[in-house]
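# Commentary on secondary and tertiary structure
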Amino acid sequence: MTDFSDRQRPGLSRRGLLGAGIGAAVLTAAGVGTAHAGGPSGGSAAGSAGRRAVAFLGAAMDAYPEHGRIRLAQSYTDQAGLFSTAFTYDNGLAILAILALLAARTPDAHARAVVLGDALLYAQAHDPEHDDGRLRQAYNVGPYTFYDGSLQPDGFVRADGTANVGTQFGFTGTAVGDMAWAGIALAALAGRTGKRRFRDGAVRIGEWIERNGRTDDEPLGGYKFGVDGAGAKLPFSSTEHNTDLVGLFGRLARLAGYRVWRERRAHARAFVERMWEADGGFFYTGTNDGVNVNRSPIPEDTQTWTYLALDVRSRARSLDWAARHLAVLDHAGRPNSTVPAGQSYEGVTFSSASLLADESAPIADGQPRPDRNGVWFEGTAHLALCLRDRHGRGDGARARRLLDSIERAQDRLGDGQTVGGRALPARAGVVSASSPIDTGFGFGYYPYRHVGATAWYVMAAERFNPLRA
């Protein structure tokens, strides 16, 4: 693993691309077993591994106690070099993972989910520039000194009462996918709590997406990617984002009861269906211009999330494509692997391009060289959840192996990492990748404990499908 020096700035994460105005290829969003929690004996994440995963989510929420009760969870451990960045996508997932555990009667789960939901509503109502229902890609949740020596002194709520947008890394844009996951989380909270404020927040998100993302005048249709930090609309459309909208609009149709949400769901779904490659049994990533399908790279999440959202068995072959064509096995004998000696992990990687990454060059300035066989644990959890849901021949055994791999990673990888300078509970939190991964979309994943990967593990262990109301 690589730590960053005082003056080094890490390469952009996938959540930094909108603020920086980068969009050469259509990007996916990006953006929780064992014998204890859904592994060999199946069961619930209320087991030992699940409890440690939840302890990590709590630690990520509580990293800056002196900065008030309104807070989001820091997405990655400090060692990732993103300081107190809290991605909107990750916090939506954290809410959903916590709600997945309510049936297991996890202590204070309900209260934690409400705190995160209220923080998203606060960000929506206290944006420093806009009052239109949008959420930014990310926020700061605690103070730090940036690489150039400048001080970021505030918590999530700035001294003037506005939400602390993540300007230092350019996380100022608004992505349709990130918004959709926040909306799904708020809608789920509304359903669990009966609180109108969560429903209203989810509806505002849906309306913002409709106003700013919908396209009707292009052959492929669907919804565009979002806006950059300057508010300019981005021209490309993502299969993953439109899949997210199938989930969001479906929840809003049930929650708000208006026919318009069913029509919007159908509009997003039609785009997703146009991305289906029947001969290969997979979904393409999207389009750069609304006319031509972008055929490479092919990412993992467009194969798994489509299964979770569409509930169409004729498209379930996408899971087999991901399991076959994106399968990896990372071990210490590989040249660029950061896995300790004697350990190995199986799962899937981010995309078809990850398997062809240039292992002789860093992913980005100041970053390590990638490992083509690095395991992307977030995607591995997606796949495990899908296989548990499909329950076809061999699916259960494969899902158990994947969950076991994630749980061994939680036990053994990322030791000694911190959040807000504070030590984490022992063996708590899943790293985003077993070794550095080049996604093929201009960013990488690294072995840092991560809210998003941990949340997906919890949902997989609990068999909780967030994309189907």
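The following paragraphs examine the structure supplied in this document. (Residues numbered from 1 in each chain as written. Predicted model: local features only at pLDDT ≥ 70, side-chain atom pairs only at ≥ 80, totals over all residues. Heavy atoms only, no water.)

## Focus on the sheet that holds strand β7 (residues 237-238)
Taking strand neighbours across the sheet as the criterion, the three strands line up as β7-β10-β11 in an open arrangement whose pairing is antiparallel. For this open sheet the edge positions go to β7 and β11 (293-294), each flanked by a neighbour on one side alone. Relative to β11, strand β10 (residues 286-287) is paired through two bridges, and the arrangement is antiparallel. Counted as the bridge partner of T287 is V293 from β11. (Pairing = 2+ DSSP bridges. Helix = DSSP H or I, 4+ residues; strand = E, 2+ residues; numbered from the N terminus.)

## Thoughts on the environment of R334
With respect to the helices and strands, R334 occurs in the loop between β12 (327-331) and β13 (344-348). Placed 37 residues apart in sequence, R334 and D371 show a C-alpha to C-alpha distance of 7.7 Å.

## Looking at the side chain of S318
Structurally, the position occupied by S318 is in helix α9 (residues 317-325). Assessed through its relative accessible area of 0%, S318 is described here as buried. Among the polar contacts made by the side chain of S318, one reaches the main-chain carbonyl oxygen of Q303 at a distance of 2.8 Å. Filtering out sequence-adjacent residues up to four positions away, S318 remains in contact with W276, G281, F282, F283, Q303 and T306. (Buried < 20%, exposed > 50% of the residue type's maximum accessible area, 1.4 Å probe, protein only. Polar contact = N/O pair within 3.5 Å; in protein donor to acceptor, adjacent residues only side chain to side chain. Contact = heavy atoms within 4.5 Å.)

## Details of the side chain of T243
Looking at the secondary structure, you find T243 in helix α6 (residues 239-256). Of the residues examined, T243 reaches a relative accessible area of 1% and is grouped as buried.

## Some remarks on helix α8 (residues 301-310)
Counting buried residues along α8, ten of its ten residues qualify, which places the element largely inside the surrounding structure. By the burial criterion, the buried members of α8 are D301, T302, Q303, T304, W305, T306, Y307, L308, A309 and L310. D311 sits one or two residues past α8 and shows a positive phi near 55°.

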